[in-house]
Amino acid sequence: MKLLVIAEHKHMALAASTLNTITAAAALAKAQASHPSAPQAFEIHVLVAGHQAEQAANQAARCQGVHQVWLADGPAHAEPIAEALASQALHLIHMLDPALASDASAGHKADGLRAVVLPSSTMGKNLAPRLAAMLNVAAISDITKVVSHNTFERPIYAGNVIATVQSVDPILVTTVRTTAFEAVAASAEPAAISVVPAVEPAVLSRFVSQALSKSERPELSSAKVVVSGGRALGSAEQYQAVLTPLADKLGAALGASRAAVDAGYAPNDYQVGQTGKIVAPNLYIAIGMSGAIQHLAGMKDSKVIVAINKDPDAPIFQVADYGLVADLFEVVPQLTEKI
């Protein structure tokens, strides 16, 4: 049987989320193979749909456990339009398992396609429901653990409850919370790369523009160290004056609570939390944050959490490994000086 990973990439390179998604796919393949009615051999296939994306395909081929990479290269995939990518993915799905074109229940056959796995990113959240609807199955979103061949864990209620969900569909369509899985290791023997025609469907939407922030800092969702600030910083000027020197010394990404973003202290793409980015760095330093439940949902999987807040009853201390009750305007400069 086969599992298909839809790669997220920037044409010239895979996104870090794809590496975590391949690890999740490998865990699912192992669980599938252990099921009594399943064959023992499972193949992980990766679709790279882009424009001049050969480098991303080469990188995918060097990922451990990948059996085959499919490269769909053409102008139709120059920009991230979900409709075009969904049509391309469906074309490949029908090629891997022709019976699915007429009957989704055919996914049970020995050499058929068993699952489509995507990262729980903007791309994945946009694409997975479209693919699930096209295949007439349910989508399972944001899984954090593979329990068995058709059973998964996923967080609900801002991460305060872990739900165990089970699929009865013959083919799985699921997105993966990438912070719950390690990045896949490189393989000594690269997988085969095959080119498939780029599908150019008639779509109802078109790409207009995108505004990307550029920074020399690590990307927030994949950074090993994150320095994050809350509304207690008081202003955008104080946010920069207090946090930037510390982040510079630690080589860290900058983050912010929703309250700080809404107040204009930091840009939207700095927001960590349920409605922002999910992070799980090795070190997360929360400065002037009360620890709202929505924020905790986005960072509580961090390996080490350090909290600095002058309120000893702040909820952030309940999840912190190290807590300092102090005035941030006094202790953060001192901490920066000592590093």
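Residues numbered from 1 in each chain as written. Predicted model: local features only at pLDDT ≥ 70, side-chain atom pairs only at ≥ 80, totals over all residues. Heavy atoms only, no water.

A separate point is the overall build of the protein chain. If you tally the helices and strands in the protein chain, you get 8 helices and 15 strands. With the C-alpha coordinates of the protein chain rotated into their principal frame, the extents come out at 65 × 45 × 40 Å. Long-range pairs, those at least 24 residues apart, make up 65% of the contacts in the protein chain between residues at least 6 apart in sequence. Accessible surface for the protein chain amounts to roughly 16,100 Å². Of this, 53% is attributable to carbon and sulfur atoms. A gap of 2 Å separates the mean positions of the 23 positive and 28 negative side-chain charges of the protein chain. (Helix = DSSP H or I, 4+ residues; strand = E, 2+ residues; numbered from the N terminus. Contact = heavy atoms within 4.5 Å. Areas by Shrake-Rupley, 256 points an atom, 1.4 Å probe, with all protein chains shown as cover. Lys, Arg positive; Asp, Glu negative; His and termini not counted. Charge placed at Lys NZ, Arg CZ, Asp CG, Glu CD.)

This part takes up helix α2 (residues 54-61). All buried positions along α2 are accounted for by Ala56, Ala57, Ala60 and Ala61. The buried residues of α2 occupy one face: seen down the axis, they fall within an arc of 140 degrees. Close packing links the buried residues of α2 with β2 (43-50), β3 (66-73) and β10 (192-196). (Buried < 20%, exposed > 50% of the residue type's maximum accessible area, 1.4 Å probe, protein only. Arc of directions from axis to C-beta.)

Moving on: the layout of surface pockets. Its volume calculated, the second largest pocket comes out at about 410 Å³. What lines the second largest pocket is a set of 24 residues, and nearest its centre among them are Arg231, Ser257, Gly288, Met289 and Ser290. The set of elements that each furnish at least two residues to the lining of the second largest pocket consists of α6 (258-262), α7 (293-299) and α8 (328-338). Taken together, the residues that form the lining of the second largest pocket break down as 8 nonpolar, 12 polar and 4 charged. (1 Å grid on protein atoms, 1.4 Å probe; cavity = no way out; pocket = protein on both sides within 12 Å on 5 of 7 lines; lining within 4 Å. Points joined across faces, edges and corners; volume = space filled by probe spheres on them. Nonpolar A, V, L, I, M, F, W, Y, C, P; charged D, E, K, R; others polar.)

It is worth spelling out the pattern of salt bridges at this point. Following the criterion strictly, the structure yields 4 salt bridges and no others. The salt bridge involving Asp142 is made with Arg177; its shortest N-O contact spans 2.8 Å. Of this pair, Asp142 sits in strand β5 (residues 139-143) while Arg177 is found in the loop between β9 (172-176) and β10, placing the two residues 35 residues apart along the sequence. The residue Asp248 makes a salt bridge to Arg217 at a minimum N-O spacing of 2.6 Å. Of this pair, Asp248 sits in helix α5 (residues 236-250) while Arg217 sits in the loop between β10 and β11 (225-229); the two residues are 31 residues apart in sequence, bridging distant segments of the chain. The exposure class assigned to Arg217 is partly exposed, which follows from its relative accessible area of 21%. (Salt bridge = Lys/Arg side-chain N within 4 Å of Asp/Glu carboxyl O.)

What follows covers the nonpolar core. Counting residues in hydrophobic clusters, the biggest one holds 37 residues, and the most contacted among them are Leu28, Val46, Val48 and Val69. Non-local contacts of Leu28, meaning those with residues more than four positions away in its chain, are made with Leu3, Ala115, Val117, Val146, Ser148, His149, Phe152 and Leu172. Counting 27 residues, the second largest nonpolar core, distinct from the first, contains Ala49, Ala72, Leu100 and Ala132. (Core = buried A, V, L, I, M, F, W, Y, C linked by side-chain atoms within 4.5 Å.)

An order of β6-β7-β8 is seen for the 3 strands of this open sheet, with the pairing classed as antiparallel. Each having just a single partner strand, β6 (145-148) and β8 (161-166) make up the two edges of the open sheet. Within this sheet the neighbouring strands show an average axis-to-axis angle of 35 degrees, counted without direction. Note: β6 against strand β7 (residues 151-156), 3 bridges, orientation antiparallel. Note that in β7 the partner of Lys145 across the bridge is Glu153. Sitting on the sheet, helix α1 (residues 16-33) touches β6 and β7, and the angle it makes with β6 is about 5 degrees. (Pairing = 2+ DSSP bridges. Axes fitted to C-alpha atoms, helices over the stretch in contact; angles between N-to-C directions.)

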